[in-house]
Amino acid sequence: MTSFTPHFVSPALLKEWLHDGAEIAVFDVREHGQYGEAHLFYGVTLPYSRLELDIVRLAPRRDARIVVYDTDQSVAVLAAQRLDALGYSDVYVLEGGTQAWQAAGFTLFAGVNVPSKTFGELVEMAYHTPRVTARELAAMRERGDNVVILDGRPVNEYLKMTIPSSICCPNGELGYRIRDLVPDTTTPIVVNCAGRTRSIIGAQTLINLGIPNPVMALENGTQGWYLEDLPLEHGSTRRYPDAVSPASVTQMREASGALAERFAVPEVDAPTFAQWATDTSRTLFLCDVRTPEEYAAGTLPGAQHTPGGQLIQATDQYVGVRHARVVLFDNDGVRAPIVASWLRQLGHDAYVLRDGLNSGASLAVPTPGVDTTLPEIDVATLKTALADGSVTVIDVRPSMSFRREHATGAQWAIRPRLPKLPASGNVVLIADERGVAELFAADWRREHAQDSRAFSVLAGGFKAWVAAGLPVEATPDSPPDADCIDYLFFVHDRHDGNKAAARQYLAWETGLLAQLDEHERGAFRIGDAAVAK
């Protein structure tokens, strides 16, 4: 095996790098629950359990400047070694991890999507976005006021819970569909999400577009509604219509164009984009901001699906390299300029692709970093092997999925914490995603090079086991909370009837601004500052 020597960067030098204006990707390689407890402001979650699966999407340029970190550098060194094996040539490990970062006097942040969440709070402050409380909105509904409530989250989130009578219209679709959803220009509009950010950004989007209707954000979203003991709807299916009338498109394209001009959103044509695609000194992202259905029906080669509202709300889930070029497109000339106007205020180098879906632009698709090596075993064969005790079954699905239900006799494990195995016997992995099992097995083999036992993966995963009617069990307390390093409890529990978690989440969100230093706050370009960038 080729020897590997990691390169380290001190907290002080990394802090300089973060604000030197050059491209940089900073990846937190701990699991999601660990990341959410305390991470760098610009730290992007890239769990070691999925490292090679996601790195090529988040940082497609192999010679980009990359820093990986964890709590104490132990997992980060492993991550740097794996990135080196993939051909990433400018990778550093944060010396001492988050412990050293904090000891150096720099702030750690809890939660997820922190830059975007912070941005929402700054937008409300800068624009004085109108808002309505849960009690005020409830009173409007009780009086029978003519008010339209639009839920700015994706359909899958809307289905979980929403305000009664609301209509699902994700933020990225609001400007495109608003006149068909609310044709009367005097009808008050309330935009909500689960908490704060998308309520604020959605409402301010409509205001920035010059919509004449009274527009308000629902303060604290569904959580604020729930904390006032008001009933939520579950499983609601009201959503925007698929078709948009030509008159609405024409009207909103004009409004979107005016918005793009106001915020100096640049366009890029296909020939220039083609030149950028061959520029080895800059990272380039091509983002389709349309709906999942539109994306599935056909997109540009090399484009990733980045629903417009989510790209603003959770930019770090799609764009892993700061100061990269981010090119957005649609097929209507409405949605991409709106999203780009926000991304530029977020501090990103965002552009709109001229002619969008019809531009003919394309981007090379990075080579995935995971090899397929594991043979498959079918359900019947695994059932027999379990009965005679010849295999160990390891479930590498998310910890909460394992708690809810798993194959009887299986044990849970995750890549950064490889389990001890019996002295003999083959291993069968159960995974939702084949690549996660491949990475787990590869690490185990590297750590136990002299062990010749065979690894395989269950064909069809856990769903196949259930479909065959084979025994399953639930273990609500196993793995114990302390081992569920992939799960951030307070972010998720707020939706499961936990009022304390909801209050904690809202306090976290509103408290973000006080944690920023001058460099972090100065990276945003809100309002007129976006034009002066």
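Residues numbered from 1 in each chain as written. Predicted model: local features only at pLDDT ≥ 70, side-chain atom pairs only at ≥ 80, totals over all residues. Heavy atoms only, no water.

**Comments concerning the overall build of the protein chain**
For the protein chain, the helix and strand inventory stands at 24 helices and 22 strands. Computed over C-alpha atoms, the radius of gyration of the protein chain comes to 24 Å, within 12% of the 24 Å expected from 2.2 N^0.38 for 533 residues, which places it in the range of a compact globule. A principal-axis box enclosing the C-alpha atoms of the protein chain has dimensions of 75 × 50 × 50 Å. Evaluated residue by residue, the protein chain yields a buried proportion of 56% over its 533 residues. In the protein chain, 77% of the contacts between residues at least 6 apart in sequence involve partners at least 24 apart. As displayed, the protein chain offers around 21,700 Å² of accessible surface, 51% of which is attributable to carbon and sulfur atoms. Computing the positive centroid from 48 side-chain charges and the negative centroid from 66, the protein chain places the two 2 Å apart. (Helix = DSSP H or I, 4+ residues; strand = E, 2+ residues; numbered from the N terminus. Rg over C-alpha atoms; globule rule 2.2 N^0.38 Å. Buried < 20%, exposed > 50% of the residue type's maximum accessible area, 1.4 Å probe, protein only. Contact = heavy atoms within 4.5 Å. Areas by Shrake-Rupley, 256 points an atom, 1.4 Å probe, with all protein chains shown as cover. Lys, Arg positive; Asp, Glu negative; His and termini not counted. Charge placed at Lys NZ, Arg CZ, Asp CG, Glu CD.)

**Notes on empty space enclosed by the protein**
On inspection of all chains with the given rule, the structure shows three cavities of 30 Å³ or more. Here the largest cavity is characterised by a volume of approximately 50 Å³. Every residue along the wall of the largest cavity is listed here: Asn-171, Gly-172, Gly-175, Ile-201, Thr-205, Gly-309, Ile-312, Ile-338 and Trp-342. Mapped onto the lining of the largest cavity, the elements with two or more residues apiece are helix H9 (171-181), helix H10 (197-208), helix H15 (308-313) and helix H16 (335-346). Sorting elements by how many residues they give to the lining of the largest cavity places H9 first, with three residues. Counted by class, the lining of the largest cavity contains four nonpolar, five polar and no charged residues. Built from parts of two domains, the lining of the largest cavity gets at least three residues from each of domain 2 (118-244) and domain 3 (262-358). (1 Å grid on protein atoms, 1.4 Å probe; cavity = no way out; pocket = protein on both sides within 12 Å on 5 of 7 lines; lining within 4 Å. Points joined across faces, edges and corners; volume = space filled by probe spheres on them. Nonpolar A, V, L, I, M, F, W, Y, C, P; charged D, E, K, R; others polar. Domains from an automatic or database assignment.)

**Side note on the nonpolar core**
Leu-14, Phe-27, Val-68 and Leu-328 are the most contacted members of the largest nonpolar core, which has 98 residues in total. Among the elements that make up this core, the one with the highest residue count is H16 (seven residues). Among all residues touching Leu-328, those that are not within four sequence positions of it are Cys-287, Val-289, Leu-311, Ala-336, Val-339, Ala-340, Leu-343, Tyr-351, Val-352 and Leu-353. Counting 18 residues, the second-largest nonpolar core is a separate cluster that includes Val-379, Ile-430, Trp-465 and Ile-485. (Core = buried A, V, L, I, M, F, W, Y, C linked by side-chain atoms within 4.5 Å.)

**Describing the environment of Gln-99**
Relative to the elements of secondary structure, Gln-99 occurs in helix H5 (residues 97-103). Separated by 68 residues in sequence, Gln-99 and Ile-167 place their C-alpha atoms 45 Å apart.

**Re the layout of surface pockets**
Roughly 630 Å³ of volume is contained in the second largest pocket. Those elements that place two or more of their residues in the lining of the second largest pocket are helix H3 (51-58), helix H13 (270-277) and strand E12 (284-288). Among the elements that make up the lining of the second largest pocket, the one with the highest residue count is H3 (five residues). Tallied by class, the residues present in the lining of the second largest pocket amount to 15 nonpolar, seven polar and eight charged. Counting contributing residues per domain, the lining of the second largest pocket is built from domain 1 (7-112) and domain 3 (262-358), each supplying no fewer than three.

**What about the pairing of strand E21 (residues 455-458)?**
Here strand E16 (residues 376-377) runs beside E21; their pairing, made up of two bridges, is parallel. Looking across to E21, one finds that Ile-377 is bridged to Leu-458. Note that strand E20 (residues 426-430) and E21 share three bridges and pair parallel. When the sheet's bridge partners are listed, Val-427 is paired in E21 with Phe-455. (Pairing = 2+ DSSP bridges.)

**Thoughts on the sheet that holds E21**
Pairing within the open sheet is parallel, and its five strands lie in the order E16-E21-E20-E17-E19. Here the strands that pair on one side only, and so sit at the sheet edges, are E16 and strand E19 (411-412). Strand contacts of helix H17 (residues 379-387): E16, strand E17 (391-395), E20 and E21, with the helix running at about 120° to E17, the strand carrying the most contacts. Sheet strands in contact with helix H19 (residues 434-447) are E16, E17, E20 and E21, and its direction is about 165° off that of E21. (Axes fitted to C-alpha atoms, helices over the stretch in contact; angles between N-to-C directions.)

**Comments concerning the UniProt feature "domain: Rhodanese" (unreviewed entry) in the protein chain**
UniProt feature "domain: Rhodanese" (unreviewed entry): in the numbering of this structure it lies at residues 20-110, 143-234, 288-365 and 387-474. Structurally, residues 288-365 comprises 31% helix and 17% strand, and the distance from its first C-alpha atom to its last is 14 Å. Across residues 387-474, helical content stands at 32% and strand content at 23%; the span's end C-alpha atoms are separated by 20 Å. (UniProt positions renumbered as here; feature names shortened; annotations may be inferred.)

**What to know about the pairing of E17**
Buried residues dominate E17, accounting for five of its five residues. Side chains Val-391, Val-393 and Asp-395 of E17 all project onto a buried face; the interleaved residues Thr-392 and Ile-394 project onto the opposite face, where all are buried too. In terms of strand pairing, E17 meets E19 through two bridges, oriented parallel. Counted as the bridge partner of Asp-395 is Trp-412 from E19.

**Notes on the domain arrangement of the protein chain**
As a measure of interface size, the accessible area lost when the parts come together is often cited. As far as domains go, the protein chain holds domain 1 (7-112), domain 2 (118-244), domain 3 (262-358) and domain 4 (376-477). For domain 1 and domain 2, the distance between their C-alpha centres works out to 36 Å.

**Describing H3**
The element H3 is extensively covered by neighbouring structure, given that six of its eight residues are classed as buried. All buried positions along H3 are accounted for by Leu-51, Glu-52, Asp-54, Ile-55, Val-56 and Leu-58. Along its buried surface, H3 packs onto strand E2 (25-28), strand E3 (44-45), helix H4 (74-85), E12 and H19.

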